[in-house]
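The residues making up each chain are set out below.
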Amino acid sequence: MKVLVATALTQGEHEGDYNWCIEGELVWVQEPCAIDRRNPDGPCGCGRGFAGMSSHRSTTTARVDEIPGFTRDDMILAMQTSLRDGGWPEHWAADLVDGLLELASLWGVGTVIDRRIDDFGPREVHA
Ligand SMILES: [Zn+2]
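Residues numbered from 1 in each chain as written. Predicted model: local features only at pLDDT ≥ 70, side-chain atom pairs only at ≥ 80, totals over all residues. Heavy atoms only, no water.

> Explain the sheet that holds strand S2 (residues 27-28) to me, and be specific about the residues and the numbers.
In spatial order, the strands read S2-S3-S4; together these three strands make up an open sheet with antiparallel pairing. Each edge of the open sheet carries a strand with a single partner, namely S2 and strand S4 (58-59). (Pairing = 2+ DSSP bridges. Helix = DSSP H or I, 4+ residues; strand = E, 2+ residues; numbered from the N terminus.)

> Give a detailed account of the coordination of the zinc ion, specifying residues and quantitative values.
Around a metal, the ideal angle is 109.5 degrees if four donors adopt a tetrahedral arrangement and 90 or 180 degrees if six donors adopt an octahedral arrangement. The protein atoms that coordinate the zinc ion are Cys33 (SG), Cys44 (SG) and Cys46 (SG), at distances spanning 2.1 to 2.2 Å. Considered as a linear motif, the donors of the zinc ion on their single chain read C-x10-C-x1-C. Accessibility expressed as a relative area gives 23% for Cys46, which makes it partly exposed. (Donors = N, O, S within 2.8 Å, 3.2 Å for Na, K, Ca; no water. Buried < 20%, exposed > 50% of the residue type's maximum accessible area, 1.4 Å probe, protein only.)

> Mind laying out the pairing of strand S1 (residues 2-6), listing which residues take part and the relevant values?
Of all five residues that make up S1, four are buried, and the element is covered over most of its length. Where S1 and strand S5 (residues 62-66) come together, five bridges link them in antiparallel fashion. Within S5, the residue paired with Val3 across the bridge is Asp65.

> I'd like to hear about the pairing of S5, residue by residue, with values.
Bridge count between S5 and strand S6 (residues 112-116): two bridges; the pairing is antiparallel. Bridge pairing links Arg63 to Val112 in S6.

> Would you mind going over the packing of aromatic side chains in detail, with residue names and values included?
One pass over the full model with this rule turns up three aromatic pairs. Look at Phe50 and Phe120: their rings are 6.1 Å apart centre to centre, the planes differ by 50°, and that puts the pair in the tilted class. Of this pair, Phe50 sits in strand S3 (residues 50-52) while Phe120 sits in strand S7 (residues 119-123); the two residues are 70 residues apart in sequence, bridging distant segments of the chain. Residue classification places Phe50 among the buried residues on the basis of a relative accessible area of 1%. Seen in terms of ring centroids, Trp88 and Trp92 are 5.5 Å apart; in terms of plane orientation they differ by 40°. Their pairing is tilted. According to the relative accessible area criterion, Trp88 is partly exposed, its value standing at 36%. (Phe/Tyr/Trp six-rings, centres within 6.5 Å; stacked < 30°, edge-to-face > 60°.)

> Tell me about the packing of helix H2 (residues 72-86) against helix H3 (residues 93-104), residues and numbers included.
Look at H2 against H3: their axes get within 9 Å of each other, and the N-to-C directions meet at 120°. Judged by the angle between their axes, H2 and H3 are oblique. With respect to the hand of their crossing, H2 and H3 are arranged in right-handed fashion. Residues Arg72, Met75, Ile76, Met79, Gln80 and Leu83 of H2 form the contact with H3, whose participating residues are Ala93, Ala94, Leu96, Val97, Asp98, Leu100 and Leu101. For the contact of H2 with H3, the per-class residue count stands at 10 nonpolar, one polar and two charged. (Axes fitted to C-alpha atoms, helices over the stretch in contact; angles between N-to-C directions. Parallel < 35°, antiparallel > 145°, perpendicular 65-115°, else oblique. Left-handed = near helix turned anticlockwise from the far one by under 90°. Contact = heavy atoms within 4.5 Å. Nonpolar A, V, L, I, M, F, W, Y, C, P; charged D, E, K, R; others polar.)

> Could you give me a rundown of the sheet that holds S1, with the residues and numbers involved?
Picture the strands of a sheet paired through backbone hydrogen bonds; they go either parallel or antiparallel. Spatially, the four strands line up as an open sheet ordered S1-S5-S6-S7, and their pairing is antiparallel. With one partner strand each, in any of the chains shown, S1 and S7 form the two edges of the open sheet. On average, each strand axis in the sheet is inclined to that of its neighbour by 40°, with strand direction left out of account. Judged from the five bridges that link them, S6 and S7 form a sheet pairing that is antiparallel.

> So what's going on with the nonpolar core? Residues and values would help.
Residues Met75 and Met79 are the most contacted members of the largest nonpolar core, which totals 27 residues. Elements represented by at least two residues in this core include exactly S1, S2, S3, S5, H2 and H3. Looking at this core element by element, the count peaks at six residues for H3. With near-sequence residues (within four places) excluded, Met75 lies in contact with Met1, Val3, Leu26, Met53, Phe70, Val97, Leu100 and Leu101. (Core = buried A, V, L, I, M, F, W, Y, C linked by side-chain atoms within 4.5 Å.)

Limitation: the analysis is restricted to geometry and does not speak to function.
Here it is in structure tokens:
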């Protein structure tokens, strides 16, 4: 199953990049704050970020990865745990996971994507 994970790949190639996540941890997408909804390139940065499920930190770069044997149910469990630890409602988990899996399905394994609010797109990866 294809999922989105945090990556340091391509970090620094775009102005406003940041990466406080653990390499390879699962990420999810949070609603941006009101400030970032108006300007995702601003100092907060949540409108261009992906949230790490384990670290509860964030990054501007996510990578499509294939985790063999990992299922939607596994991911819902991981999401529930992360939401509970982060103080978010656990019942968000299934909807969030379905959205994330749909997003991950759009690109090939290894693709690095970034975000502007609700726009997600691939970055060019230089070897
Ligand atoms: Zn923000």
